[in-house]
Amino acid sequence: MSSKRKSEPVKKPAKRNKKKIDEDYSSDQSDDYNNDGPSAEVIIPSDDINNHEQLPEDLLKTYDKGPGRLLISGMVTWDMTGRKAGTKGTAKVRPNLYTFHRFTSDTYRSVVSGCCSAHSVLITTDMKALAFGRNQFGQLGQADLKTIEKPTQVTGLECFNVIQAACGRNHTLFLTDAGIVYACGDNKSGQCGVGNTQPMILKATRINYGGPPIIRIGCGADFSMILDIKGNLYSFGLPEYGQLGHNTDGKYFVTSNKMSFHFETSPKKIVLYVEKAKDGHVTPIDDVKIVDFSCGNNHTVAIDSKNRAFSWGFGGIGRLGHSEQKDEKVPRLIKFFDFQNRKVLRVFCGTSYSLATTDIGNLYLFGQNKKTGEANMYPKPVQDLSGWNITSIGTSYTSIVISADDSLIAWGASPTYGELGLGDLQKSSSTPKAVSRCDGMKIPQVSMGYSHTLLLVNTEHELTKQKYNTFQEFIID
């Protein structure tokens, strides 16, 4: 069932800014909260590329979404993303792209952004990482902290084959074909995982981890998740709402009236997964091997090898799918899917909502992808997409864009900034709408930032190529 929108939990969070980080993207721009947590010098593992074996070939093939060409829509004035109009320091204002535009003439194997990100990463066919967008904290891997509008190679990764990337609010992770993770950008909460809280990591730097090869990476707003080849999840960064899954929010008093956090500065394994009954009784679940996960601003949803779904972190407006708004500090089984005897196949997280696809072809949404009205306190099917063969899903602050059955479906409540690609006559939609210009196109990957959308389109498909060539080009002069 749906529930009337409730106010956020009554508990008083630690004061890092005047506004709550999860609900107001613009609050991160001052980013001057106290960092009194432990900071220690650590020795980062060697970067000798000859010492590391590649991941299995069949696994490496799953990362390749291309070759494809890039289309972009939405807000492309990166300094203004998530900020109020008239923000000081915006050098150049570009008009929003309300329809999809061609962007660069190169081909790529993957395109990546994040639901709270004003930057993006493109992985080329020869496995090099290019980044563009806001670079206020070095999240593009460039020491010059100016916004970069043209895709530029990430410093520190020139000698490595990059197969996956993940974008947080102001930090970025990169995964190489040897299962090694690199990070750059904002590190005041330890979200780059290099073993300390050096404020900014300006060059892609290997994280402080020496365990089994990593096969998947993800970023929340100020935290990170990595998955090893054995099915173990590790997390690091800000623990404020329990989003690290270590049974703590990390808060401690520096003085009698000053609070800070014990930041997790190196990857720490999540060791406990639980089932919780209505009466509050908690039962540990053994032998959980994670196969996929997705991070929202301050929450995570993961799937294990038995196709069960777990969620944890910030619980506001039902985004965890547990029919209540409590924060969860360890991964908790989403019992709705268990009761329905449904297998969860894939999960996707936006800022304050989550999506899951199941074995019978249904797409479920829990949480809320709008600012008003009712929230889904537990997974509720998106009826308009029942039975569709979904290829890829992009999630942003409030908007959702889905590639399915040679169609592109988009919806998102106002305000939107062109990320739906519906044109300037219909900028927003509260229900799923087909993006007519993309009908019949092969779109293997959709990725969304806070207010922009990236599409990777397969131009080896003749109709897709013909349509691709009809789109206007977004030119950076």
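Only a predicted model underlies this, so the values are computations on that prediction, with no experimental measurement involved.

Definitions and limits used
- What you see as residue numbers is a count from 1 along each chain, following the sequence as written.
- The predicted origin of the model limits local features to residues at a pLDDT of at least 70 and limits the giving and counting of side-chain atom pairs to 80 or more, whereas totals for whole chains, interfaces and linings rest on all residues.
- No hydrogens and no water enter the side-chain calculation; it runs on all heavy atoms of the structure.
- Counting from the N terminus, the helices are the DSSP runs of H or I reaching at least four residues and the strands are the DSSP runs of E reaching at least two.
- The buried label applies to any residue whose accessible area, calculated with a 1.4 Å probe on protein chains only, is under 20% of its type's maximum; exposed applies above 50%, and partly exposed to all values in between.
- By the convention used here, residues are in contact when the closest approach between their heavy atoms is within 4.5 Å.
- Counting of polar contacts relies on pairs of N or O atoms within 3.5 Å, with two restrictions inside protein: one atom must be capable of donating a hydrogen and the other of accepting it, and residues adjacent in sequence are counted only when both atoms are side-chain atoms.
- Any Lys or Arg side-chain nitrogen found within 4 Å of a carboxyl oxygen on Asp or Glu counts as a salt bridge.
- In this scheme, strands are said to pair when DSSP sees at least two bridges between them.
- With axes taken as lines fitted to C-alpha atoms, and helix axes fitted only over the stretch in contact, angles between N-to-C directions fall between 0 and 180 degrees.
- For this analysis, a nonpolar core means a set of buried residues of the types Ala, Val, Leu, Ile, Met, Phe, Trp, Tyr and Cys, connected via side-chain atoms within 4.5 Å.
- Within 6.5 Å between ring centres, the rings of Phe, Tyr and Trp (the latter by its six-membered ring) count as paired, and their orientation is classed by plane angle as stacked under 30 degrees, edge-to-face over 60, tilted in between.

Caption draft 1: Representation of the environment of Thr155 in the model. On the secondary structure map, Thr155 appears in the loop between strand 7 (148-153) and strand 8 (162-167). Residue class for Thr155 comes out partly exposed when judged on its relative accessible area of 28%. Considered as a pair, Thr155 and Ala143 are 12 residues apart in the sequence and their alpha carbons are 8.8 Å apart. Not counting residues within four places of it along the chain, the set of residues in contact with Thr155 comprises Gly141, Gln142, Lys203 and Ala204. In terms of polar contacts, Thr155 uses its side chain to reach the backbone carbonyl oxygen of Gly141, at 2.9 Å.

Caption draft 2: Representation of the pattern of salt bridges in the model. Here the structure, examined in full by the defined rule, presents 14 salt bridges. Residues Asp64 and Arg109 are paired through a salt bridge, measuring 3.7 Å at the closest nitrogen-oxygen approach. With Asp64 in the loop between helix 1 (57-61) and strand 2 (69-74) and Arg109 in strand 4 (residues 108-112), the pair connects residues that are 45 residues apart, well separated along the chain. Residue Arg308 is joined to Asp304 by a salt bridge in which the shortest nitrogen-to-oxygen separation is 2.7 Å. For Arg308, a relative accessible area of 17% gives the class buried. Take Asp304: its relative accessible area is 1%, and that puts it in the buried class. Each of Lys276, Glu324, Glu328 and Arg332 takes part in a single network of salt bridges with overlapping partners.

Caption draft 3: Quick look at the sheet that holds strand 9 (residues 171-176). Strand order in the open sheet formed by 4 strands is 8-9-10-11, with antiparallel pairing between adjacent strands. The open sheet terminates on both sides in strands that have one partner only, identified here as strand 8 and strand 11 (200-206). Ignoring strand direction, the axes of neighbouring strands in this sheet form an average angle of 10 degrees. As paired strands, strand 10 (residues 181-186) and strand 11 are joined by 4 bridges and run antiparallel to one another. In the sheet register, Asp186 faces strand 11, and the bridge partner there is Met200.

Caption draft 4: Broad picture of the environment of Lys433. Looking at where Lys433 falls in the secondary structure, it is placed in strand 31 (residues 429-434). Overall, Lys433 belongs to the partly exposed group, its relative accessible area being 33%. Between the C-alpha atom of Lys433 and that of Leu420, which follows or precedes it by 13 residues, the distance is 9.1 Å.

Caption draft 5: Focus on the nonpolar core. In this structure, Leu173, Val181, Ile217, Met225, Ile226 and Leu233 are the most contacted members of the largest nonpolar core, which totals 38 residues. Where this core is concerned, the elements lending two or more residues are strand 8, strand 9, strand 10, strand 12 (214-219), strand 13 (223-228), strand 14 (233-237), strand 20 (290-295) and strand 22 (309-313). Those residues in contact with Ile217, other than ones at most four positions away along the chain, are Gln164, Ala165, Ala166, Leu173, Phe174, Leu175, Val181, Met225, Ile226 and Phe293. Counting residues in each nonpolar core, the second largest holds 19 residues, with Ile123, Leu140, Val154 and Phe174 among its members.

Caption draft 6: Representation of the packing of aromatic side chains in the model. Tallying each qualifying case throughout the model produces 14 aromatic pairs. Taken together, a centroid distance of 5.8 Å and an interplanar angle of 65 degrees make the contact between Trp78 and Phe132 edge-to-face. Of the two residues, Trp78 sits in the loop between strand 2 and strand 3 (97-102) while Phe132 sits in strand 6 (residues 129-133), which places them 54 residues apart along the sequence. What makes Trp78 buried here is its relative accessible area of 4%. Between Tyr397 and Tyr450 the ring centres are 4.7 Å apart and the planes differ by 25 degrees, which places this aromatic pair in the stacked class. On the criterion of sequence distance, the pair formed by Tyr397 in the loop between strand 28 (390-395) and strand 29 (400-404) and Tyr450 in the loop between strand 32 (445-448) and strand 33 (452-457) is long-range, its members being 53 residues apart.

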